[in-house]
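# Working through the structure, step by step
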Amino acid sequence: MSVVTVLLVLANVLGVGMIVPQAIRLARVRSLAGVSVPWIGISLALNAWWIGYGVAQARWGVVPVSIGGFLLYLWMARLAVGIGGPVLVRGLLGGVAAASVGPAVGLVTGGWLVAGLIIGLSYGVQFAPAAWSAVRSERLDGISPATWVMAWAEAAIWFVYGLDAGDAALLVGGGGGTVMASIILVRLLDRRGGDEPVSRLARLSS
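None of these values were measured; they are calculated from a predicted model. (Residues numbered from 1 in each chain as written. Predicted model: local features only at pLDDT ≥ 70, side-chain atom pairs only at ≥ 80, totals over all residues. Heavy atoms only, no water.)

To continue, consider empty space enclosed by the protein. Applying the stated criterion to the full structure yields 2 cavities of 30 Å³ or more. Elements that contribute at least two residues to the lining of the largest cavity include exactly helix H3 (37-56), helix H4 (63-84), helix H5 (89-126), helix H7 (145-165) and helix H8 (168-205). In terms of residue count, the dominant contributor to the lining of the largest cavity is H4 (4 residues). Across the lining of the largest cavity, the residue classes break down as 11 nonpolar, 7 polar and 1 charged. The volume enclosed by the second largest cavity comes to roughly 40 Å³. Every residue lining the second largest cavity is listed: Gln-22, Gly-34, Val-35, Ser-36, Trp-39, Ala-130, Ile-143, Trp-148 and Ile-184. Within the lining of the second largest cavity, the residues separate by chemical class into 6 nonpolar, 3 polar and no charged. (1 Å grid on protein atoms, 1.4 Å probe; cavity = no way out; pocket = protein on both sides within 12 Å on 5 of 7 lines; lining within 4 Å. Points joined across faces, edges and corners; volume = space filled by probe spheres on them. Helix = DSSP H or I, 4+ residues; strand = E, 2+ residues; numbered from the N terminus. Nonpolar A, V, L, I, M, F, W, Y, C, P; charged D, E, K, R; others polar.)

Another aspect to go through is the pattern of salt bridges. Inspection of the entire model under this criterion finds 1 salt bridge. Put simply, Asp-167 and Arg-59 hold a salt bridge, and the shortest N to O gap is 2.9 Å. Pair noted here: Asp-167 is in the loop between H7 and H8 and Arg-59 is in the loop between H3 and H4, with a separation of 108 residues, a long-range link. (Salt bridge = Lys/Arg side-chain N within 4 Å of Asp/Glu carboxyl O.)

Within the secondary structure layout, Val-3 lies in helix H1 (residues 3-17). Along the backbone, Val-3 and Tyr-161 are 158 residues apart, and their C-alpha atoms lie at a distance of 9.9 Å.

See below:
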């Protein structure tokens, strides 16, 4: 088995696996604190677009993770609406619409090559609402650290695979995803570091 094949298998495992801890955390804590609802909608749409790109361009390594990701984000959307109520459907649909405009225009004007570049760019942008929510939220209870460690690793693998395959869409997507996941991980580490002294002081004074 070649190194590239191993990387593809690992990327598919991480790509699907990264969503599971976040969905389980939502189901367990019943809190959307620090979690962006539009991000869930964007992720739904982009996974659907990656399925189309993978089939059209014969990038079969992208297809399984995209199908798995689409189904899991659909589960997460259902959880979010269950927690926050039907009012959140508007945010979900807004995310789907926002993520679909660019690839649709690219597909019409330049085919799957242009659409793929836009999808790749959107992959990095996909994480932007999640990164923004993490940066501006005081509480991060709803965010699963395991999800974003795996998201970082998956994006880095797609970047490396894009280099090997000469696929600009995967290069752009992997690079952007790595940057956004890094922002969230730094925020989580910073928050944890800031909370520890307070926790120690509380224990000493109790």
